[in-house]
Structure formats: C-alpha cells, structure tokens
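Each chain, written out:
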Amino acid sequence: MSISIAVALLSGRSRVITAHPDSTVDDLRLQAQLSLKVGLERLVTETGVILQGKSTLRASHVQSGATLTAHVRQSQLVSSALAFALLRSDGTVVSWGNAVDGGDSSAVQDELKDVNQIQSTLHAFAAIRSDGSVVAWGKMDDGGLVPSAVGAELVNVTAIQASSRAFAAIKADGSVVTWGNPRYGGDCRAQKEHLKEVTQIQASRDTFGASFAAVRADGRVVTWGVADAGGDSSAVQEQLRQVQRIQATRFGGSYAAIRADGTVVTWGNRASGGDSSGVQAQLYEVEHIQATESAFAAIRKDGCVVTWGNPHDGGDSTEVQDQLMDVTHVQATSHAFAAIRADGSVVTWGSESCGGDSSEVQDQLYGVTMIQAASLAFAAIRRDGSVVTWGTPDAGGDSRHVQEQLKNVTGIQASREGVRCAFAALRADGSVVTWGDPSSGGYCRMVGDQLFDVQEIQGTENCFAAIRGDGGVVTWGNGDFAPDGPTAEELLQDVQQVPTSTIGFDGSVVTWGRPLSPEG
C-alpha cells in the first residue's frame, strides 16, 4: 500500500508525493526533486528531525498525510590551485581548468550525481554525495585518487577537510578516513584508534608539508602529518582539553586551539606561532583567532587583541597596541593584519608592503563593515558601499583607476597567487569591478558584457569565476592553465543538452583561456 506525503519548500511551494513505506528517504527526495524541479539536499520532519537518506519511510516513522520540509541544495563554486568545480543545484558537477589540478572530471562524471558538498586540495577535488559516498578527481597523489583500501571505508561521510595535498573525511560515527600525500596528512593510521567521535578538523596548508588537527566530542585533540608542521602535539597534549575550535597559520605549520574557558594552547613551528609563552598571561577570554602565514592574532571578549609569532608577519603589534581596543573582527594577508573596531575604524600592523601600513588611506577608513584580503593587499567595504584599498599597489592595493565604479559594493573576492593578486567586487546591481594584476583577474573588459546579474564570485590562484542569476558562469584571468579546455563551439554544444532549470550552463556563454587582446 502506498502513502501520500507532502513535501514543501521554505517558500511554501509544495507537492504531494506517493511512495511505498519501504522505499527510502532518498527515493522520496529524488521524486520530490523531479516534481518540484529544484535540487533538494535533505528532508526534515515537522519536529525538526533530519531524515537519513538510506532509512526507509517506515523506519523513519513517516506516515501518510505527513508534511516534510525540503531544504534546497545551493550551488557551490570551489577552486583548487588552477581549476574550478561547480556544484549545480541539481547535484551534478562541472569542472574546468588545468586537468592535473582537477579541471577534468570526465573519468568520474557518471558518479558526480546527487552531490551535496565539494572540497579541494591544491590539485584535486572531493565530492560528498547524499548517500555519504565520496568521489575524487584531480592529481592522483594529492587526493585525486582514492586507494581501493580506503574507498571501502568512505561510507556515511558527513564532512571533508583538506590540507594542501590530502583529504580527511569525517564519518557519521565520528571516525576519520584520510587519503592523499602522506607528508601532507594523507595517512592517519598511526592515530586511527584515537580518531573517534570527531566533530571537526582543521588543517595546515604549507607547501612543503602539512598536517591535520581533529577535535573530538570530548574536547580532546588528535593530530597527524609532518611533526614540525603541527602534526605532533604531544608536548601540549595534556593541555588540549575542552577544545572548542582550532586555527592554523597559512604556512609554517602552527596551530592555536581555543578552550571552553577562553584560554589558548599552541603547538607546531615555534617561530611561526607555535610558541605563545611570551603572551600566555594575556590569552584569556579569547573568542576568535586569525592567522597570517606565520603569526596569530587573538580577539578577546573585551575587544583587545593579542598577537604572537613571526614579528614580520604581524606577530608583534606593540606599535599599535593602544589602538587595538573594541575590535570586532581581524582579517589577514600573507604577512599583515587589519582589525575593524566597533566604531568602523581600522588598525593595521605587520609587513608594510603587504597591508600592514594603511597611513596613506587612514582618513578614509571609517564606517568599515568588512575587509577582504589578497596575499599582499586589503580591500575594505564601508557602510555606504564604497571601497578603500591599500598594500602592494599592483597586487590590488591601488584601486584609484576604478574608484568611481566602486559604489554600492556588497562583497569582494580575491585571487591569491603570491605577488600576483587581484580583487573582484560585486555590486548591488549584479555588475563586477576588478583591479590588481591583470594576469590574475584584475582586468575583465573582455568579458564585461557578460558580467550582469552576478550572484557569486570565486577566485583561484590567478583567475575568477562568476555565477549569474540565470545560472551562467563567466571566467576571466590567466588562462594559461587550461590549454586543453573545450572550445567555445564545443561548450555551446554541451549547453544545448543541459536543462535551463539547472544551475550551471543554461545557454549563456562561458569563457576561459588567454585574452586575445586588452579589447578582445
């Protein structure tokens, strides 16, 4: 006997679906997805219980006449070093860019269905499907290939974290599975027995070796990977109790853990923030920690900031300490920090050329609500939607040539390749303004007429991709990494085969590659 179940979106739109009591929740979700013509991520009961996809309707106590709320799957744009992966609302995935870095997913394309989440290393992608299975592609040694022995364990996965060249997956039972380059945390066998009831994982992403740090439900921490890159926490293991969250430096392999009482425990490379003994007495009631490549900045409950680590990367804030009061947020480039105070003013310190010196624009830094950072420059959005920039001029620190266009800005993204950086600002009307290194996306005139009704922007190391409201994707920047990508004619052939109701290639033109000329 079949039962009738109402599946409703948060907007109020609903459909009544007929199903057998022994069919699974995933079967019902997929039926509702086809009927509602929108990708659905999960189904929730009237009492707020998230239904497990593999369970039957009978086992989930779903009866005829019940109403379930459906959560719509959001599109997601993720980047590796030189490639993009787009998760569309129908759960399928499109990738492009350097094939070695995950730009070619053709070998696993048939498996990239019903995907809920994508994560990336520098050279590979990993996707979690609704059934908890995982699909990976890209550079094999860096996480793009799941070894058969590991693949058997990759079931019921709920989250994935990535270091530079390895993945770590958390399963529903709290256990952890890793794969990828062992030197970057891809082998956790030595800690397997301790990796139980894990709730979150943080990673260092150093180029020359990396590690992972997992927080368990009991507040204990388990680490693995390169020892001097934070993979060995034995020296502070007894202090790592009641840990709530962890931050890592961008490079240098250091971690800082915030405990339930607001104190902080650090480990890893001592010169890069792994040793906080010099400021330990000041590290109390800490609520948030931010990091540059080799230094930390902690915000306390009273709005004061405490810093440690490499002085040249922001680890020494003594020159501005008396200004670091009522701080609500801290942002970081590779070598400098910028703090927003409650009154909307900004305080900076660290490497002067990387944004640590904002004196030339200090009189403009008022009413600031958000700061974005590239490797060598900052961009601040003020309450009126205008933008102020500083740092290395040709790496995004100088926006004077587009200043008149930087109005009604709602968000900013950055490309992030070393000394070649750029920013892309999204305005309220869906248009985009870019500046910084042209080869890293700081110049977008060649696709300017396609950048309308933009909803989201994502950056790789040297280019950008924008998702429009109609589902079209537009890319610009250095296209040298995608010499073997499809031609426009080939892409447009594929476009005609994709339903316009899906997020992604719906008939609009998607471009990439080397610009032919400044006017091209």
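Cut-off values and rules
Residues numbered from 1 in each chain as written. Predicted model: local features only at pLDDT ≥ 70, side-chain atom pairs only at ≥ 80, totals over all residues. Heavy atoms only, no water. UniProt positions renumbered as here; feature names shortened; annotations may be inferred. Helix = DSSP H or I, 4+ residues; strand = E, 2+ residues; numbered from the N terminus. Core = buried A, V, L, I, M, F, W, Y, C linked by side-chain atoms within 4.5 Å. Buried < 20%, exposed > 50% of the residue type's maximum accessible area, 1.4 Å probe, protein only. Phe/Tyr/Trp six-rings, centres within 6.5 Å; stacked < 30°, edge-to-face > 60°. Lys NZ or Arg CZ within 6 Å of the ring centre and 35° of its normal.

**Considerations on the UniProt feature "domain: Ubiquitin-like" (unreviewed entry) in the protein**
Inference 1: The positions UniProt marks with the feature "domain: Ubiquitin-like" (unreviewed entry) are residues 3-74.
Inference 2: Counted over residues 3-74, helix gives 17% and strand 33%. Its end C-alpha atoms are 29 Å apart.

**Remarks on the nonpolar core**
As a rule of thumb, nonpolar side chains are buried together in soluble globular proteins.
Inference 1: In this structure, Ile371, Trp390, Ile412 and Trp435 are the most contacted members of the largest nonpolar core, which totals 31 residues.
Inference 2: Broken down by secondary-structure element, the contributors of at least two residues to this core are strand 24 (336-341), strand 26 (368-373), strand 27 (377-382), strand 28 (387-391), strand 29 (409-417), strand 30 (420-427) and strand 31 (432-436).
Inference 3: Element by element, the count of residues in this core is highest for strand 27, at 5 residues.
Inference 4: Core analysis: the second largest hydrophobic core is formed by 19 residues, Ile3, Val7, Val38 and Leu51 among them.

**Re the packing of aromatic side chains**
Inference 1: With the rule as written, the count across this model stands at 10 aromatic pairs.
Inference 2: Their ring planes at 35° and their centres at 5.2 Å tell us that phenylalanine 167 and tryptophan 179 sit as a pair that is tilted. With phenylalanine 167 in strand 12 (residues 166-171) and tryptophan 179 in strand 13 (residues 176-180), this residue pair connects regions lying 12 residues apart in the sequence.
Inference 3: With relative accessibility at 0%, the residue phenylalanine 167 sits in the buried group.
Inference 4: For tryptophan 179, a relative accessible area of 1% corresponds to the buried category.
Inference 5: Over the aromatic face of tyrosine 184 sits the side chain of arginine 165, whose NZ or CZ is 5.4 Å from the ring centroid.
Inference 6: In this structure, arginine 382 packs its charged tip against the face of tyrosine 366, placed 4.4 Å from the ring centre.

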